[in-house]
Amino acid sequence: MLQSHQSDRPSPDSTVLHAPYPASLHAIELQGLWHRFPGGCGGSEWTLQGIDLRLERGELVGLLGPSGCGKTTLLRLIAGFEWPQRGVIRLAGREVSGPNCCLAPERRGVGMVFQDYALFPHLTAWGNVCFGLRQRQNKGRAAWLLNLLGLSELAERYPHELSGGQRQRLALARALAPEPAVVLLDEPFSNLDVEVRLRLRSELPTVLAQCGTSGLIVTHDPEEALAICDRVAVLHDGRLHQCASPQQLVHQPATSFVGRFVLQGNVLPAWWQGSDLHTLLGPVQPLSGPSLPRLSVQEAAVEVLVSPDDIELEADDSGAGKVMGREFLGRSWLYQVEQGDVRLRVRRPMDMPLQIGQHCALRLRPAAVVKTFPATSSPQPTFVPS
Ligand code: ATP
């Protein structure tokens, strides 16, 4: 039977990990990680199922997925606040969690940035940044970081005297002060208003690059992950569906879930009639590509990914579709349309908006590019613990 690692297990090496380290080593290496909370976690017994992931030195990787898919738990495993039932974690080439070791969080050389900043309220900005420095006399680095993050003028202020954006910058400066090999960021921008969020998130890759630190950032916002990350790891129900560059995710989603979550696309059931593939919007041409799953007519259950922009919509009292909801997006409308037991997202230009409850006819745009997947395209875990 699998056992949790014990928190008092002796650590093999008490040296804290710091950047820089040889470029040939991975900043983070996760191998076959399985985790469950005592008593399970709702729907699935396992919070994380066989996670394999590697971050190169200096890379910024997004951890993207819906609420409850296990993103924070994965960060907590890496930081050392939780212990996996199975699998190995290496940071900067050194095993910090595995069958034979479990390094304490403060020995892992990991910086953490939280949603709620978690600053010390009784210390000034300067005091917060200096707090984690290995050598108290290393004030040069604290001054450099405050300058890098545009906080030099505010060094004597306490956290309550700073704006939300300034507090988040300070939290990042404090996490980076001890020169960690890796910084873990748990939805760091979610409490900020749009303008500050956009500015801070665009600065993050530059700040990490200047510090030579790798970052793993949790977000449930696909736009944020695609905008700033070198690669994005998409998690669903504790399984890693794909880890790829933003361009690859968009053009070559590995599973229908990735397409639905990252591209906000529609996933429709499809069926073969002879050698033609049909959907409720009519026949489609399966798109082939090097990393898209190959389909054959033997594939009984097939799913098709259709962009909300590739569906045409017009008012029609005898149409099979019905508008169930709509959102004004500024330049277009996003409709929720029900046809049979399928609900579709359809984005149309601003002309003549349809009313909620109106019947309508739907069809695929003639030039629509659709991606097809076997209905079982979810990754299957290679090991199922008993
Ligand atoms: P969100 O985006 O909403 O923060 P998440 O992807 O970060 O979600 P986690 O916080 O990792 O998700 O939680 C994954 C699952 O584990 C959820 O079902 C959650 O309820 C469960 N869970 C989290 N912490 C515990 C705990 N201490 N004990 C039991 N179950 C937990």
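Note that the structure is a prediction, hence the values are computed from the model and not measured.

Trainee: Kindly report on the pattern of salt bridges, identifying the contributing residues and their values.
Mentor: Any two side chains of opposite charge can pair, on the condition that their charged atoms come close. According to the stated counting rule, one finds eleven salt bridges in the structure shown. Residue Glu82 pairs with Arg76 through a salt bridge whose shortest N-O separation is 3.4 Å. Taking the relative accessible area as the measure of exposure, Glu82 reaches 17% and is therefore buried. The partner of Glu203 in a salt bridge is Arg169, with the nearest N and O atoms 2.9 Å apart. Of this pair, Glu203 sits in helix α5 (residues 194–211) while Arg169 sits in helix α4 (residues 164–176), placing them 34 residues apart in sequence. We classify Glu203 as partly exposed; its relative accessible area is 25%. Residues participating in the shared-partner salt-bridge network are Glu29, Arg54 and Arg90.

Trainee: Break down the state of the cysteines for me, citing the residues and quoting the values.
Mentor: Overall, the coordinates contain zero disulfides when judged by the stated rule. Summary of cysteine pairing: Cys229 is not part of a disulfide, and the nearest cysteine sulfur, belonging to Cys243, is at 9.8 Å. With a relative accessible area of 7%, Cys229 lands in the buried category.

Trainee: Give me the packing of α4 against α5: which residues, what numbers.
Mentor: The N-to-C vectors of α4 and α5 enclose an angle of 15°; their axes lie 11 Å apart at closest approach. Taken together, the axes of α4 and α5 are roughly parallel relative to one another. Considering how the two elements wind past one another, α4 and α5 form a crossing that is right-handed. In this structure, α4 contributes Gly165, Gln168, Arg169, Leu172 and Leu176 to the contact, and α5 contributes Val196, Arg199, Leu200, Glu203, Leu204, Val207, Leu208 and Cys211. Residue composition of the contact of α4 with α5, grouped by class: eight nonpolar, two polar and three charged.

Trainee: Summarise the sheet that holds strand β13 (residues 276–279); cite the residues concerned and give the values.
Mentor: Through backbone hydrogen bonds, the strands of a sheet pair up, either in parallel or in antiparallel fashion. The strand order across the open sheet built from five strands is β14-β13-β12-β15-β21, with neighbouring strands paired in antiparallel fashion. Two strands in the sheet have a free side with no partner beyond their single neighbour: β14 (282–284) and β21 (371–374). Put simply, the sheet's adjacent strands are angled 40° from each other on average, direction ignored. Of the strand pairs in this sheet, β13 and β14 are connected by three bridges, and their pairing is antiparallel. By the bridge assignment, Leu277 is partnered in β14 with Val284.

Trainee: Explain helix α3 (residues 139–148) to me, using residue names and the numbers behind them.
Mentor: Considered for burial, the residues of α3 that qualify are Arg141, Ala142, Leu145 and Leu146. Around the axis of α3, the buried residues are gathered within 135° of arc, so they sit on the same side. Along α3, the residues that are exposed and aim more than 90 degrees away from the buried face are Gly140 and Asn147. Buried residues along α3 sit in contact with α2 (125–131), α4 and α5. Residue Gly150 follows α3 closely and has a positive phi angle near 70°.

Rules used in this analysis
- Residues numbered from 1 in each chain as written.
- Predicted model: local features only at pLDDT ≥ 70, side-chain atom pairs only at ≥ 80, totals over all residues.
- Heavy atoms only, no water.
- Salt bridge = Lys/Arg side-chain N within 4 Å of Asp/Glu carboxyl O.
- Buried < 20%, exposed > 50% of the residue type's maximum accessible area, 1.4 Å probe, protein only.
- Helix = DSSP H or I, 4+ residues; strand = E, 2+ residues; numbered from the N terminus.
- Disulfide = S-S within 2.5 Å.
- Axes fitted to C-alpha atoms, helices over the stretch in contact; angles between N-to-C directions.
- Parallel < 35°, antiparallel > 145°, perpendicular 65-115°, else oblique.
- Left-handed = near helix turned anticlockwise from the far one by under 90°.
- Contact = heavy atoms within 4.5 Å.
- Nonpolar A, V, L, I, M, F, W, Y, C, P; charged D, E, K, R; others polar.
- Pairing = 2+ DSSP bridges.
- Arc of directions from axis to C-beta.

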